[in-house]
Amino acid sequence: MDDTEPDLSPTPSDQNSPSPSLSISSSPSLSLPSTPSSEGVGELSLVIDAEVAQRACQEVLQKVKLQQVEGDVTDPQDRVGQDPPGPPAPALTPTVKPLKIREEVDDPEGVAPGSVKSARRRQRHNPSKQSWLLRLFESKLFDVSMAISYLHNSKEPGVQAYIGNRLFSFPHEDVDFYLPQLLNMYIHMDEDVGDAIKPYVVHRCRQSISFSLQCAWLLGAYSSDMHISTQRHSRGTKLRKLILSDELKPAGPRARRDPLTLTPFCPVTSPASGGEHSLSPSKRTHQRSKSDATVSISLSSNLKRTASNPKVESSQDEPVRLAPQREFIKSLMGIGKRLATLPTKEQKTQRLISELSLLNHKLPARVWLPTAAFDHHVVRVPHTQAVVLNSKDKAPYLIYVEVLECENFETSSVPIRIPENRIRSTRSVENLPDCGMTAEQRAGSFSIVPNYDNDDEAWSVDDIGELQVELPEVHTNSCDNISQFSVDSITSLESKEPVFIAAGDIRRRLSEQLAQAPTTFKRDPEDPSAVALKEPWEEKVRRIREGSPYGHLPNWRLLSVIVKCGDDLRQELLAFQVLQQLKSIWEQERVPLWIKPYKILVLSSDSGMIEPVVNAVSLHQVKKQSQLSLLDYFLQEHGATTTEEFLTAQRNFVQSCAGYSLICYLLQVKDRHNGNILLDADGHIIHIDFGFILSSSPKNLGFETSAFKLTTEFVDVMGGPDGDMFNYYKMLMLQGLIAARKHMDRVLQIVEIMQQGSQLPCFHGSSTMRGLKERFHMSLTEEQLQLLIDQLVDGSMRSLTTKLYDGFQYLTNGIM
Amino acid sequence: MREKTVKKVKSPYVYVSRYINGSECRKCSEMLLNLEKISDRGIILRLNAKGSTNVNKSRKVQTDTAGILTEGYCETVNSGPLIILCSYTYSTSTMFFSLLFFYFCSSLMFQVNLEYLESKLESVDGEEVQRIQDNINSLFHHCVQALGEEHQIKVVNALQTLCALFRGVHQKNKSASGFDIINMLMGFDKAEQRMKDLMERLDSLLCGDGSESLKSLCLKLLLCLVTVTDNISQNTILEYVMINSIFEAILQILSDVSSRGQHGYDAVVLLALLVNYRKYESVNPYIVKLSIVDDEPTLDGMGMVVHQALTEYNRQYKDKEEENQGGFFSTLTSMVGSMFIADADEKLSVQTNEAILLALYEAVHLNRNFITVLAQSHPEIDIAVTPTTPTPTTPTTPLGTTPPSLDMMNNPELPLDPNLQTSNLLITFLKYASIVMQDTKDEHRLNSARLCLIILTCIAEDQYADAFLHDDNMNFRVNLHRMPMRHRKKAVDKNIPSRPLVCAVLDLMVEFIVTHMMKDFPMDLYLRCVQIIHKLLCYQKKCRIRLHYTWRELWSALINLLKFLLSNETTLLAKHNIFHLALLVVNLFNMFITYGDTFLPTSNSYDELYYEIVRMHQVFDNLYCMVLRVSTNTGQWKEAASKVTHALVNVRAIINHFNPKIESYAAVNHISQLSEEQVLEVVRSNYDTLTLKLQDGLDQFERYSEQPKEAAFFKELVRSISLNVRKNVSLNTLSQDVLLKEFSTIS
């Protein structure tokens, strides 16, 4: 074994030996062969093994310990200068290392000291500093956030390589949160960082379709700011191509069928196939991918359907594994693009509905909404429920999507199509849903068989005067024919006189019923989304479920998503990350601030999807539809100020206001008109649209100089500037700021990494980071902070600009 | 080659070869001998040896004498020229059929002169029938056999010959029973087998990947077969089509986008006709099968075909209308008066298409799943999915009637025309109905209008259809055609708001009610119209849907209708039971009065209802007087009239309650003419003292059933469709040139 190893060197062939290429990539002293092969197909054969990765980690760790100091001591330039002499060493390492590592495997605990010693022997370094870093890296406290931070800040290839390997040991969800950061670093930072990250990305791509697509989308989006010529050859573009070519599929055939049994680091199980594989990697993979393709076609009949678009079929290179989802997303985007060409909302809505009904023909398929939290297959888009959202020239739209939850969307079989009309065979005509009626109502209004026998008797009187005379109980059993409220009176047994009704009653019931439903908004062709969004989510789910042929299935779920075409959502994604980070900081610090980060899916630099906030309408819509002040609207929706319900809503309002005030201040969120602030059914406000944050503001008009939006209406809801709730609001903000300040780095790091290579307007100018850092006011004492908060609140409350801005918006966009 | 037995011939002559692909055909030779035997009657044969080179490929040989052929082709197939044919007038039919038989046997490839064949069959007199029957039988047999041939020209010829046989034999034996015809064509003992073979071959031709023109020809043969008798149910041969179903083949054509584009129309018409075979007497498998289809692409395909045909009609109509209204002359005529507009309308009339309407009816009536197709939006992108084969070489007009425009069907990309409204089958149908209903003077259009209303009745009864008709999320702008009338301006198209579809249905009903109060009163249509409204109201009441519709228009239309009935009482009573209609109308008002709380959109609309009734109280008073008078007299209308008196109870109560109140209000306030607002005020303040009687069964309706009420209508309709289809199925329209060109390259 040992003898043959060096010969095989560039492509790893055997399980039992640690992958040399891996050890090379993780070996700091090696100047990597940055030949194209390392980027492309050649690396496909790279097998990442759990053990190998771990070993590599440890190995690197040693080097880190040795070199960290060196890196710290020596100037970067010097280090670069030192690099060339490096190569002699690696010539030695690959052959020696494996032996050593194998010995160490038996005693993982003892590794560090031993290797440190040996390392020390060779490289003579100061041990104390290294061990601090080492301890940190090995401590339980070392989390993804820190890893990312070190990956970004450390200029030391060894550290980067170590962290690259350490990524394998973090839970997927944790790393996923930082995926934009990771990929942005991969694209825009130097090669060492890229090399450190790549194995992890490739490995995860092999495991998961959704991760693959996620990466591909993000890589595309974050590469877009590069100059077109460099972009084409950039590593990001290459990796994207690699992923989309679908070469990165699970290595073993078994893995495909059952990824659950796949141990996270060990995709190749059969040595034979692995060995063969390595002999002619590119050829093999290609063939295999083909056969895999045929298998998956036969497995999932849906593929044909999804790919039934001739355009897809014509390009046969399209990978099968990723194709359905890509097609799904593509068609959603296509709809958006076509809608944008239509002039009126009404036409857009009609067109949207008809386009979606066509999309329905291709569902169910192995497609999913990436914004969802669980695995599922999309089975149907209730097309009539879709609405076009308010936007001047783009056509973002909101769709509801029926999905069936499943174990794993890659392996669970795709649900069988149930025809649209099948719903009717599950119910008899007579039992069709009574369109949103409650059971009691239905009972009342349902008419069965006319009681013709009684008819004649009832008609024995034909003089109107006699109508006043009470007839005997002719109709006790014909109550079905009676207007529903008469039934109510019958059932209450107060009157056995169903034959006569007072016209006044009918009229009264009419107005009462109309008044009963004040919470629905009136349909407005210019604002179709208002009605759709106002409808309580639960009710909508129930209604759609009733109308869906899949509704009877227990794992049926309803999701919704906003499809944005022509909008750059990268800033939104950044905001989401910051919000999410702050939210978890506040949770960790137990500050009851409430914010709702909504999920963002960046598909490219000008398209994406947004997870809508359910049960929420914009303040603009509230005001326009209800014609009430915010406080009055609260009173209308939640009851009088003293009721439990109102107080809860008010508390929610205050907590969310405080949260978003802080966020608006920290992130300098601008463009805060009422169309961008939502109010949910519980009284929370939710800010949406983070198109103008940090260094950018709309049209640079210089409006909105206040720290955040706090109108008198808001303060009124809080019970006025002297109320307890208002003080609570300020107190919350103080607590929130203190907590955020404590974990400032976690927030800064997110923003800082994304600034790399970015042309986003929010990074315009040089002072973005400095400004953000300053707004955390590290230097102030808590008392000073309190003062600051008071100032901010006062300033915002008094701010003329808020009002001015609202007026401006009203004039220009008709937003109230 | 070896043998040159070519005789010198005089014209007219027949060229025949007794060689098939290089070897002599014994049968042919026998036939030739036979022919030679009768050559003394004027037939001279010329036998052309194989390999003879004096005939150029594809040279057209034209003969002018009447005969089997008017023209033929020289065909060089591998080993040499096989055919040259010409015609001759035979004195005996026997001879003729012998020759025909021969032609198949010897694989001659030429087109039968169908008209001649048909007329020949007709002219066969009684005695000869027996003699030629064997020949016909074997000709039939050979034709069926030839359908399985590889050589497509033979298939084409066989199909056409079969068609001519069916037609000719029927023509000959118009009075004969179906069994005689079967005997004549196939022979009793073999009929079952022959027809089974025929249907199987047709099925495989229709479902195979063969030439599109061939499929088209198959469908034409079937259409021809289905329509040979005036009354489809008397076509006994169809019994075999029932047993050997080609339903699946039809469905397959409809489900595939490209074949639907080319043959969809014929397929749909064929299906509609087959469904109507002995509909009321026996179990028709096509009815059963059609009612359970649930394959969406197929149903969609069917909807598409209907949609396209109706769209085409609407477009043609619009074009004509614009043509007529564009010039100076038309402005002049419209100035002169409505008298001439009626004339212009006649000119406008585009041939209506009952066949496709019947297909729509059958689909809606029989298949519950089809209802979803009605609401299926049809943005044109759907069609873009395939046309990969740029072949459609048949520039023929299927059936000669409105063909689904191929351009539209194959339009690959949806033109991003902002004015383009997304449409669906229902909208197109409503537009079509609005055109058809404009003019119900002639029988055809009356039937069309009736069928439209029947379809709407079925739709209004269907819960699912009602659900999407009332779906608030599906708003459409439907431009109905309105009859130009003197007293109103033509509505500007753009002003129609986008509303749920049910509004368009109601508009259409109101439009009909308003425009058809004429001497020749279409009572039947009125009844259907009012019933449709009633059904929609019942649904709204049941599901508590508050439709934002201007009900006032409906109320005033209904009141006007009552007024019309009153003023034409004597003329109308001679023909119709006007009390039935009056009862339905009054009960619509009763629905509003007693159940208004469940479906009226605003409380104001309830007040307006009262206002309208009180305002028009004269009409109700007169109606009451009339029905009271009739019901107290003895006569045939006594019963019917007394029902109306009972139904009027609430309306009268309202009038008697509010009129005095309004008068006293006017008196107290010294106003001679109360404004609407003032009247509404009086209404609002006086509800409480009014008691209404709750009537039973207001929200009940009789469900539509075709039998027995409509059976006669459909029988007649199918008969007229059959005639029309037969007239238009012309095998000659499928140009032989096209076919031969196509197949000469195949072979």
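If you're wondering where the values come from, they're calculated on a predicted model, not measured in any experiment. (Residues numbered from 1 in each chain as written. Chains lettered and ligands numbered in written order. Predicted model: local features only at pLDDT ≥ 70, side-chain atom pairs only at ≥ 80, totals over all residues. Heavy atoms only, no water.)

Student: Hey, could you go over helix 31 (residues 570-588) of chain A for me, with residue numbers and the actual values?
Tutor: Taking 1.5 Å per residue, 19 residues should reach 27 Å; helix 31 of chain A reaches 27 Å between its end C-alpha atoms and fits that length. Here helix 31 of chain A lies mainly inside the structure; 14 of its 19 residues are buried. (Helix = DSSP H or I, 4+ residues; strand = E, 2+ residues; numbered from the N terminus. Expected span 1.5 Å × (residues − 1). Buried < 20%, exposed > 50% of the residue type's maximum accessible area, 1.4 Å probe, protein only.)

Student: A description of the pattern of salt bridges should follow, citing residues and the corresponding values.
Tutor: The final tally for this structure, using the stated rule, is 42 salt bridges over all chains. Among the ionic pairs, B:Asp230 bridges to B:Arg726, the shortest N-O distance being 2.4 Å. Linking B:Asp230 in the loop between helix 8 (212-226) and helix 9 (238-243) with B:Arg726 in helix 32 (residues 711-728), this pair joins segments that are 496 residues apart in sequence. Accessibility expressed as a relative area gives 33% for B:Asp230, which makes it partly exposed. Close ionic contact of B:Glu612 with B:Arg615 constitutes a salt bridge, the shortest N to O distance being 2.7 Å. Here the residue B:Glu612 and the residue B:Arg615 both occupy positions in helix 27 (residues 603-615), the gap between them amounting to three residues, near one helical turn. Overall, the relative accessible area of 46% leaves B:Arg615 in the partly exposed class. Within the structure, one salt-bridge network assembled from shared partners comprises A:Arg507, B:Asp607, B:Glu677, B:Glu681 and B:Arg684. (Salt bridge = Lys/Arg side-chain N within 4 Å of Asp/Glu carboxyl O.)

Student: Outline helix 9 (residues 144-153) of chain A, supporting the account with residue identities and numerical values.
Tutor: All names here are of chain A. Within helix 9, burial applies to Val144, Ser145, Ala147, Ile148, Leu151 and His152. For helix 9, the angular spread of the buried residues around the axis is 165°, confining them to a single face. Each element contacted by the buried residues of helix 9 is listed here: helix 10 (157-166), helix 11 (172-177), helix 12 (179-188), helix 13 (191-207) and helix 37 (744-755). (Arc of directions from axis to C-beta. Contact = heavy atoms within 4.5 Å.)

Student: Can you explain the environment of B:Asp472? Please cite residues and give values.
Tutor: Mapping B:Asp472 onto the fold places it in the loop between helix 21 (463-469) and strand 9 (475-476). Residue classification places B:Asp472 among the partly exposed residues on the basis of a relative accessible area of 39%.

Student: Account for the packing of helix 10 (residues 247-255) of chain B against helix 11 (residues 257-275) of chain B, naming residues and giving values.
Tutor: Residue and element names in this part refer to chain B. Where helix 10 meets helix 11, the axes come as close as 7 Å, and the angle between the chain directions of the two elements is 140°. Regarding the angle of helix 10 to helix 11, the classification is oblique. For the element pair helix 10 and helix 11, the recorded crossing hand is left-handed. Contacts between helix 10 and helix 11 involve Phe247, Ile250, Gln252, Ile253, Leu254 and Ser255 on the former and, on the latter, Val257, Ser259, Arg260, His263, Gly264, Ala267, Val268, Leu270, Leu271 and Leu274. A class-by-class count of the residues in the contact of helix 10 with helix 11 yields 10 nonpolar, five polar and one charged. (Axes fitted to C-alpha atoms, helices over the stretch in contact; angles between N-to-C directions. Parallel < 35°, antiparallel > 145°, perpendicular 65-115°, else oblique. Left-handed = near helix turned anticlockwise from the far one by under 90°. Nonpolar A, V, L, I, M, F, W, Y, C, P; charged D, E, K, R; others polar.)

Student: Can you tell me about the pairing of strand 7 (residues 607-610) of chain A, naming the residues and giving the values?
Tutor: All names here are of chain A. Neither face of strand 7 is exposed, since Ser607 and Met609 on one face and Gly608 and Ile610 on the opposite face are all buried. Note: strand 5 (residues 556-565) against strand 7, four bridges, orientation antiparallel. In the strand pairing of strand 7, Val563 is matched with Met609. Bridge count for strand 6 (residues 600-604) against strand 7 is four bridges, and the pairing is antiparallel. Considered in strand 7, the bridge of Leu601 is made with Met609. Hairpin remark: strand 6 followed by strand 7, antiparallel, with two residues in the connecting loop. (Pairing = 2+ DSSP bridges.)

Student: How would you sum up unusual backbone geometry? Please name residues and give values.
Tutor: For the bond running from B:Gln707 to B:Pro708, omega is 0°, close enough to zero to count as cis. Backbone geometry places A:His777, a non-glycine residue, at a positive phi of 50°. Along the chain, A:His777 falls in the loop between helix 38 (768-774) and helix 39 (782-798).

Student: Tell me about the nonpolar core, and please be specific about residues and values.
Tutor: Formed by 225 residues in total, the largest nonpolar core has its most connected members in B:Leu360, B:Phe579 and B:Tyr610. Counting residues per element, this core draws most heavily on helix 26 (residues 578-599) of chain B, which supplies 15 residues. Discounting chain neighbours no more than four positions away, the residues touching B:Tyr610 are A:Ala503, B:Ile593, B:Ile654, B:Phe658, B:Val683, B:Tyr687, B:Leu690 and B:Leu692. Membership of the second largest hydrophobic core comes to 176 residues, among which are A:Ile163, A:Leu342, A:Met725 and A:Ile789. (Core = buried A, V, L, I, M, F, W, Y, C linked by side-chain atoms within 4.5 Å.)

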